Amino acid sequence: MKDQLVHAAYQIAKERYAALGVDTEQVLRQMQDFHLSMHCWQADDVCGFEPKAGAMSGGIQSTGNYPGKARNIDELRMDILKAKSLIPGNHRLNLHEIYGEFNGKMIDRNECDINMFRGWIEWAREHDTKLDFNSTNFSHPKSGNLTISHPDKDIRDFWIEHMKRCRAIANAIGEAQQDPCIINLWIHDGSKDLTVDRLLYRSLLKESLDEILKEKYPWEKPSLESKVFGIGLETMTVGSNDFYTAYASKNNVMITLDTGHFHPTESVADKVSSMLLFVPELMLHVSRPVRWDSDHVTIMDDPTLELFQEIVRAGATDRVHYGLDYFDGSINRIGAYVIGSRAAQRCMLRALLEPVKTIHTHEIAERGFQKLAWMEEEKSLPWQAVYDEFCVRNNVPVGLDFIAEIEQYEKEITSKRG
Ligand code: RNT
Ligand code: ZN
């Protein structure tokens, strides 16, 4: 699309918003400072680079076998850079422990250390990218249904060691980049069928977490992710939402809200204001559950928009970290990154462009009809013109222009992968 057209549409949009008391230039500055934490695992369907990687386990599943997934670290980095070149702004990258540089050596989960991530730190510095991190408790012979809540002390200790080491790695990454590295701690622990002694597993989880979180680091921030259920673990999840909400508020730890990890009619947006009164910060895993925690590509749907609106309305944009978490292996994976990242940005943009001051005033004064009218009006305000302007200013394709670029990359690169 022609830049002049984009600028012309933006000028009109700017005036339209100004009439409602919204400063689009200020919003564009805020958007520049809005950093997603892109999940590295969309590029290869959560496989990672352990030399002896087995089948995926832990109640998660990536479906589809669209050709061209990244087979090694170089391909993964290349694909991520391609995706980043089509997304306006500057974004973080979220690594899992299994995406370290193994160099063909089997380094077991209880042996991981910063050496596996020095290459990543260098790569990130070169590409002006900050890193986040995750321990990997799934897809391993020692992770059946249970890891750190396993009644067998040896298994528990193995995973405690892994998670402690992952925290140390995150701290070293954070120090190297002079910006805290968020480490997400998600464990799949649960049971398929009726569970009598739920208290046992939850007590063990609490005890293990106390041990894992004992050390305090200056450059690392742990965040705890709950879940409602996993595949094959349908009856009980040890790390439920109640468990982590209680644990995190008591211990002043961050909470990760994954939008696929709640009952289908539960509003994740509604959790933001409650959580933020009791935990220091939030991490998001923006995803799209279709009937279950299916991890479809994020789109600009109502639940996602409401989530971002809640964050902005609560004045909490800088207390939230914006991770993405989906893995669709059925479509072009770089396209999946670009669609999901742009969708999350558009939700944030719409949230920032909401004429919230006036809406608040109406709400406080109990002018219900006026409030509703303004909120309805927001839906058809020209936010799209502001997003296009944001793309032009960041030198990335506007509108659908990214499709051709991804098709070309597919033709030249990903389609040639065996
Ligand atoms: C799984 C959790 C978790 C994972 C990643 C790969 O249900 O959402 O965050 O998706 O760690
Ligand atoms: Zn998640």
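Residues numbered from 1 in each chain as written. Chains lettered and ligands numbered in written order. Predicted model: local features only at pLDDT ≥ 70, side-chain atom pairs only at ≥ 80, totals over all residues. Heavy atoms only, no water.

Caption draft 1: Region of the structure containing the overall build of the chain. For the chain, the count of helices and strands is 14 helices and twelve strands. Relative to the globule expectation of 22 Å for 418 residues, the C-alpha radius of gyration of the chain, 22 Å, shows essentially globular dimensions. Based on the C-alpha atoms only, the size of the chain along its principal axes is roughly 65 × 55 × 40 Å. When the 418 residues of the chain are sorted by exposure, 55% land in the buried category. Pairs at least 24 residues apart make up 81% of the contacts formed inside the chain by residues separated by at least 6 positions. (Helix = DSSP H or I, 4+ residues; strand = E, 2+ residues; numbered from the N terminus. Rg over C-alpha atoms; globule rule 2.2 N^0.38 Å. Buried < 20%, exposed > 50% of the residue type's maximum accessible area, 1.4 Å probe, protein only. Contact = heavy atoms within 4.5 Å.)

Caption draft 2: Seen up close, the sheet that holds strand β6 (residues 220–225). The eight strands are arranged β1-β2-β3-β4-β6-β8-β9-β12 in a closed barrel whose pairing can be described as parallel. Neighbour to neighbour, the strand axes of the sheet diverge by 30° on average, direction disregarded. As defined by bridge partners, strand β1 (residues 36–39) adjoins strand β2 (residues 92–96) across three bridges and the pair is classed as parallel. Each bridged residue has a counterpart across the sheet, and for His-39 the counterpart in β2 is Asn-94. (Pairing = 2+ DSSP bridges. Axes fitted to C-alpha atoms, helices over the stretch in contact; angles between N-to-C directions.)

Caption draft 3: Just the coordination of the zinc ion (ligand 2), in detail. Distances from the zinc ion (ligand 2) to its protein donors, Glu-225 (OE), Asp-258 (OD), His-285 (ND1) and Asp-325 (OD), fall at 2.1 Å. Around the zinc ion (ligand 2) sit six donor atoms, and with donor-metal-donor angles ranging over 72 to 171° the site reads as octahedral. Each donor residue of the zinc ion (ligand 2) belongs to the same chain, with the gaps between them written as E-x32-D-x26-H-x39-D. With a gap of 67 residues between them, Asp-258 in strand β8 (residues 254–258) and Asp-325 in the loop between β12 (320–324) and α10 (333–353) connect regions that are remote in the sequence. Residue classification places Asp-325 among the buried positions, given a relative accessible area of 8%. (Donors = N, O, S within 2.8 Å, 3.2 Å for Na, K, Ca; no water. Tetrahedral: all angles 85-135°; square planar, octahedral: opposite > 155°, others 65-115°.)

Caption draft 4: Highlighting the pairing of β12. Of all the five residues making up β12, five are buried; the element is thus mostly covered by neighbouring parts of the structure. The side-chain alternation of β12 yields two buried faces, one formed by Val-320, Tyr-322 and Leu-324 and the other by His-321 and Gly-323. With two bridges connecting them, β1 and β12 associate as parallel partners. The partner of Ser-37 across the bridge, within β12, is Gly-323. Relative to β12, strand β9 (residues 282–286) runs parallel, the two sharing five bridges. The residue of β12 that forms the bridge with Met-283 is His-321.

Caption draft 5: Here's a closer look at the site of ligand 1. Taken together, the neighbourhood of ligand 1 is formed by Trp-41, Ile-60, His-96, Trp-186, Glu-225, Lys-227, Asp-258, His-261, His-285, Asp-293, Asp-325 and Phe-327. Interatomic distance of 2.9 Å between a side-chain N/O atom of His-261 and an oxygen atom of ligand 1. Taking Asp-325, its side chain carries an N or O atom lying 2.7 Å from an oxygen atom of ligand 1. Expressed as a share of its isolated accessible area of 310 Å², the protein-covered part of ligand 1 is 100%. Residue composition of the shell around ligand 1, by class: four nonpolar, three polar and five charged. (Near = heavy atom within 4 Å. Polar contact = N/O pair within 3.5 Å; in protein donor to acceptor, adjacent residues only side chain to side chain. Areas by Shrake-Rupley, 256 points an atom, 1.4 Å probe, with all protein chains shown as cover. Nonpolar A, V, L, I, M, F, W, Y, C, P; charged D, E, K, R; others polar.)

Caption draft 6: Region of the structure containing the pattern of salt bridges. In total, this model carries 27 salt bridges according to the counting rule given. Note that Glu-211 and Lys-164 form a salt bridge whose closest N and O atoms lie 2.5 Å from each other. In this pair, Glu-211 is assigned in helix α6 (residues 198–212) and Lys-164 in helix α5 (residues 153–177), connecting sequence segments 47 residues apart. A residue is classified by how much of its surface remains accessible, and Lys-164, at 29% relative accessible area, is partly exposed. In this structure, a network of salt bridges that share partners links the residues Arg-71, Glu-75, Asp-79 and Arg-417. (Salt bridge = Lys/Arg side-chain N within 4 Å of Asp/Glu carboxyl O.)

Caption draft 7: Spatial organisation of the nonpolar core. Of all hydrophobic cores here, the largest spans 118 residues; its most connected members are Phe-133 and Phe-308. Ranked by the residues each element gives to this core, the list is headed by α10, at eleven residues. (Core = buried A, V, L, I, M, F, W, Y, C linked by side-chain atoms within 4.5 Å.)

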